[in-house]
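Tertiary structure, described
Spelled out from the first residue to the last, the chains are:
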Amino acid sequence: MSRVIGIDLGTTNSCVAVLENGQPTVISNAGGYKTTPSMFAITQDGKRLVGHLAKRQAITNSKHTVYACKRLIGRRFDAPEVQKSIDLSPYDIVRGPNDDPRIEIGGKAFTCPEVSATILREMKRVAEEYLGEPVSEAVITVPAYFNDTQRQCTKDAGKIAGLEVLRIINEPTAAALAYGFNRPGEERVAVYDLGGGTFDISILEMSDGVLEVLATSGDTFLGGEDFDRRVVQHLLDTFRESEGIDLRADPMALQRLKDAAEKAKCDLSAREQTEVNLPFIASGDDGPRHLSIEISRDTLERLVEDVVSATLKTVEVCVKDSGLQPGDIDQVVLVGGQTRMPLVQSKVAEYFGRRAHKGVNPDEVVAVGAAIQAESLLSDEDSVLLLDVTPLSLGIATFGGHFARLIERNTTVPVRKGHIFTTTRDNQSAVKIRVLQGEADAAAENDLLGEFVLTGIRPARKGEPEIDVSFDIDANGIVSVSARDLATGKEQSITVNATGTLSDEEIQQIIEDQELYEVALKEGEE
Amino acid sequence: MSAPAARAETWVLEALQSLEKGNPEEALELVESCADGGADLTLEGYRELLRCRVLDHYRSRVPDSACLRRSMEPEKIMQFNLPASAGFLVTMLDGETAIGDVVALSGMETFEAHRILHRLIGAGIAEVVS
Amino acid sequence: MNGMERTLLSFLDTPVVIGDPGGCAVWANPAFETLFEVSGDDLQERPLAELFAGGGRERILHAVAMVSEGGENQRFRLRERGSDFEAVVSAIEVGSECVGVVILLKETLEQLERLCSLQRQLREPIDEIEIVLDSLLEQTGGRRSEEHRGRIEDAMRSLERIRKWSGELGDLLSGGGSMPDERFDALSCLRRAMNRSAEVAMVELLAQPSLPAIEGDGGRFEWALSRMIEERINAGAARLVLGARLPETGDTLLVSINEIAEGEPPGALADPPDVRQVLGDLGAQVVSVADPRLGRSTLLSLPVPERRNA
């Protein structure tokens, strides 16, 4: 039986893990790193780069390097997050034919699942190299707030990468699993996840193997990269003051500064002082200039204090939303490499009045949780299986633009619920079912997941026909809907496909294109 | 034969002789000095072909799959009067990344990146990992 | 609908499709069949939704449901098979009962052209503002002017955003591709042309990292490039090196297709008239040089517009 891997498909970095003899192993890539940058690039000469290689040239080839594609996946082009990404990203984001955002690099417009698939394929390759056997199944994690379309697109990405996605699980759920919070009894856990590009905070309640997200909040545009940017800015300013040279317009210098800033930031989690040395950073009239600047932990903390405070404001709101007090939290779990920073740890501890739970690497904890879930799906024992809940209410648009909730948020999944609806006009022969997800009472303010038309309703006075609409949410959080006219028995059902998702034909086409490309690459390499 | 073509004929011959002697720098200097900075397309055409030939020459000496490493201490390298682009490439020489990848990752023009790398080898700053 | 009405619709250049209230196609006129590449037999009882792609599918479904339920005629913009249409969906009623729907697709070319023209006109004031800001920035020196410089730089950044949005508007209007008289990135065209031929020959791209945009129809340029590459491969070239660089003069972009060969002079090659026409429309000068020791280089010199939008 082939192995099932757990993948943390992150905004900035991704990680893959597998369970071996009951113990989770986080798999290192060829460079020895346990996390791989979620980056994809096409170089000038058409080479496709993924991971560390893509990151190494991200600034010198910024227009053709994609990062943080997770912010775009499953969203509509007009969504505020997409519009903000367009303003901030050096690469081009264009409107796709399905109203989805597409990323144009190297002369080709890529769908978001296609870009995510390049990262997943890399993670699959890393796992296969380590295990020495092909891998075809995986559990992939997504943020708890991801709606149906975003989950569906993540699943599509897996399919394009040649992976059957056995389960999509929420990141805080995976973190909780990895920390072993699966004991009988009740426990309230705060998962503080400060990744490279995003910040998420979730308050969870665990009770007899059921994990409920009481509240979740975050900022999709705040993360470790903001810390790096502050350090780069500091280095630029210091160098300009001392040498009179502004490096802002020099992509090669910026690439080196960005790499050095990230390294210095990591160093300062373990040391009080570090030095950034970048020889030949610029050419002056009188010869080469070298950059050599010392940074202390105090300086770093002063540079990023407001960013850390911003995360705590979000934490405050989230705890309030959960109806709890900071003191009610039994455990605090830190996720994401940036939480290694002593300032972050002390501020979080100060807020909750307790130190964070230690024992698992914050970069790897989500992938480890996914691997544990993967293993439990294969084994007969389901004792370690946690049950997730749906993060958003699900329902349909009804007469007058109202939103009728059929499944309330935080309902344990899988779940199936039905409701009888009727017509609003005499002799109405068709009804359109608009499936929505969200918490607003007005239908228009929620996310439209998809719609379908049930036709052939027998002619009758308004209010007489009975249409049974039932919703299914599977364990992945993916929705399917069916509608049946109880008088005629006519039924129509769909797996909800919002306009942003890809059709099976499109997915197949992408897979075929990539197979072609892979052949071309190997020939080129010989 | 047109005047530019006749001029080109002479420097193509000289450039190829320089290459045969294993001196791509001399060939390149000829190429750069003889072209009219884009004003004459015939000369630019020959320039393109010669640049391709010089690139082939570089690759025949050190293939794209080879890896380069720094062959002296950083303090010593810093005594050289290197331009920033060369300094950038020096930092990418880790003994593990193939030349082709270094060139792609640098974001620099392929030809220019190769030219700098070979100058670094010539200056004894970089060496091929055997 | 009777035979005479159908015959009348058959003569219309405007695509028309008729559906039943259940949302299945019943009949379409030849203009519709040509546009959607379907024949009458394929069409019968096929769900209308299957005929339309992407966002159009959703809008058609919505409109048919609204009209079938007794609602008013529906009108909306639709993009299908590369063209823009105004779709009009109306009910066929017998008494007060809806027995079918008619979908008519009216091409909206004129409106599109007007928008394209407006989008192009936007460039001029943007360029002018940029020149003014540039000169202001040059005149602002000294430490006390730091704040002024900062403000001008902010304004320039905002202007860049306007330029970017204007470009995106142009892309949207042209359905994602470049439109006539738009600027295009020659490097992307080269890259795509290279990708297309990479399976049949060894093709390498040597280009400067950032090059100015060129004025003209990028789609046609790419087509011409692909044809030229194809011609050379068919003529026996086993290895091609594509180049793109800005020479010292800076007023032209040099794009080269180099056939690398040694030993014998490459055979004579004349590019087809339609390729020459496209290059001529772009204002490109074309020169070809061949040398038995090196191979052949075909050089295209494309004029760089005065205000560059790199």
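Owing to the predicted nature of the structure, the values given are computational and were not obtained by experimental measurement. (Residues numbered from 1 in each chain as written. Chains lettered and ligands numbered in written order. Predicted model: local features only at pLDDT ≥ 70, side-chain atom pairs only at ≥ 80, totals over all residues. Heavy atoms only, no water.)

**Points about the overall build of chain A**
The criterion, for reference: Segments assigned H or I by DSSP are reported as helices when at least four residues long, segments assigned E as strands when at least two residues long, and all are numbered from the N terminus. For every residue, the accessible area (1.4 Å probe, protein chains only) is compared with the maximum for its type, and the residue is labelled buried under 20%, exposed over 50%, or partly exposed between those bounds. Contacts are residue-level and defined by heavy atoms, with any inter-residue pair within 4.5 Å sufficient.
Check the secondary structure of chain A and you find eleven helices and 26 strands. Counting over 526 residues, chain A shows a buried share of 57%. In chain A, the share of contacts with a sequence separation of at least 24, taken over all contacts with a separation of at least 6, comes to 65%.

**Quick word on the interface of chain A and chain B**
Accessible area lost upon the coming together of the parts serves often as the stated size of an interface. The condition that has to hold: Using a 1.4 Å probe, buried area is obtained as the accessible area two parts lose upon being combined, added over both of them. Within this document, salt bridges are pairs made up of a side-chain nitrogen of Lys or Arg and a carboxyl oxygen of Asp or Glu, the two lying within 4 Å of each other.
Every contact between the two is made by 19 residues of chain A and, on the other side, 23 residues of chain B. Regarding the contact of chain A and chain B, the summed buried area is about 1700 Å², with carbon and sulfur atoms giving 63% of it. It is R56, M252 and F280 of chain A that lose the most area in chain A upon contact with chain B, and together they represent 37% of the buried surface on that side. The tally of links between chain A and chain B comes to two salt bridges. Here D101 of chain B ties to K47 of chain A by a salt bridge, and the two come within 3.4 Å at their closest N and O atoms.

**Comments concerning unusual backbone geometry**
Residues and elements named next belong to chain A. Notably, A68 is not glycine yet its phi reads approximately 55°, a positive angle. Examined against the element boundaries, A68 turns out to sit in the loop between β7 (65-66) and α2 (80-88). The phi angle at F280 is positive, at roughly 55°, despite the residue not being glycine.

**Quick notes on the packing of aromatic side chains**
We apply this condition: For Phe, Tyr and Trp, where Trp contributes only its six-membered ring, two rings pair if their centres lie within 6.5 Å, and the inter-plane angle classes them as stacked under 30 degrees, edge-to-face over 60, or tilted in between. In this scheme, Lys NZ or Arg CZ marks a charge over a ring once it lies within 6 Å of the ring centre and within 35 degrees of the ring normal.
This model, assessed by the stated rule, comprises eight aromatic pairs over all chains. For the ring pair Y145 of chain A and F146 of chain A, a centre distance of 5.9 Å and an interplane angle of 70° mean the geometry is edge-to-face. Take Y145 of chain A: its relative accessible area is 27%, and that puts it in the partly exposed class. Against the face of F110 of chain A rests K108 of chain A, its NZ or CZ located 4.4 Å from the ring centre. For the cation-ring pair, R51 of chain B lies above F111 of chain B, with the distance from its terminal atom to the ring centre recorded as 4.4 Å.

**Comments concerning the packing of helix α3 (residues 41-61) of chain B against helix α7 (residues 110-122) of chain B**
Helix-helix packing is characterised by the crossing angle of the two axes and by the distance between the axes. Residues and elements named next belong to chain B. This is how it is decided: Only the stretch in contact is used when a helix axis is fitted, and all axes are lines through C-alpha atoms; the angle between N-to-C directions ranges over 0 to 180 degrees. Each angle gets one of four labels, with under 35 degrees taken as roughly parallel, over 145 as roughly antiparallel, 65 to 115 as roughly perpendicular, and the rest as oblique. When the near helix sits turned anticlockwise from the far one by under a right angle, the crossing is termed left-handed; a clockwise turn instead gives a right-handed crossing. In the scheme used here, Gly and all other residues not listed as nonpolar or charged are polar, with Ala, Val, Leu, Ile, Met, Phe, Trp, Tyr, Cys and Pro taken as nonpolar and Asp, Glu, Lys and Arg as charged.
Between α3 and α7, whose axes approach to 10 Å, the crossing angle comes to 45°. Between α3 and α7, the angle falls in the class oblique. Considering only the axes of α3 and α7, their crossing is left-handed. When α3 is examined against α7, the residues R51, V54, L55, Y58 and R59 are found in contact with a partner set consisting of T110, F111, H114, R115 and H118. Classifying every residue of the contact of α3 with α7 by side-chain character gives four nonpolar, three polar and three charged.

**Topic: the interface of chain B and chain C**
In this assembly, 26 residues from chain B lie in contact with 31 residues from chain C. Between chain B and chain C, a total of about 2300 Å² is buried, with carbon and sulfur atoms accounting for 59% of that surface. Three residues stand out in chain B for area buried against chain C, namely L41, E48 and L49 of chain B, and they jointly supply 28% of the buried area on that side. Taken together, the links from chain B to chain C amount to four salt bridges.

**Things to note about the environment of V126 of chain A**
Residues and elements named next belong to chain A. Looking at where V126 falls in the secondary structure, it is placed in helix α3 (residues 112-131). Residue V126 is classed as buried on the basis of its relative accessible area, which comes to 4%. The spacing of V126 and S28 is 98 residues in sequence and 7.3 Å in space, taken between C-alpha atoms. When residues no more than four places from it in sequence are discounted, the contact partners of V126 are V16, I27, S28 and N29.

**Some words on the pattern of salt bridges**
Residues and elements named next belong to chain A. If you walk through the whole model with that rule in mind, you get 49 salt bridges over all chains. With its nearest N and O atoms 3.0 Å apart, the salt bridge here joins R289 to E243. Residue R289 is located in strand β17 (residues 287-296), and its partner E243 is located in helix α6 (residues 224-243); the two are separated by 46 residues in the primary sequence. Note that E272 is salt-bridged to R297, the shortest N-O span being 3.4 Å. One end of the pair, E272, is in the loop between α7 (251-270) and β16 (273-284); the other, R297, is in helix α8 (residues 297-321), with 25 residues separating them in the sequence. With relative accessibility at 51%, the residue E272 sits in the exposed group. Residues participating in the shared-partner salt-bridge network are K55, D228, K258, E262 and K265.

The analysis is restricted to geometry; functional conclusions fall outside its scope.
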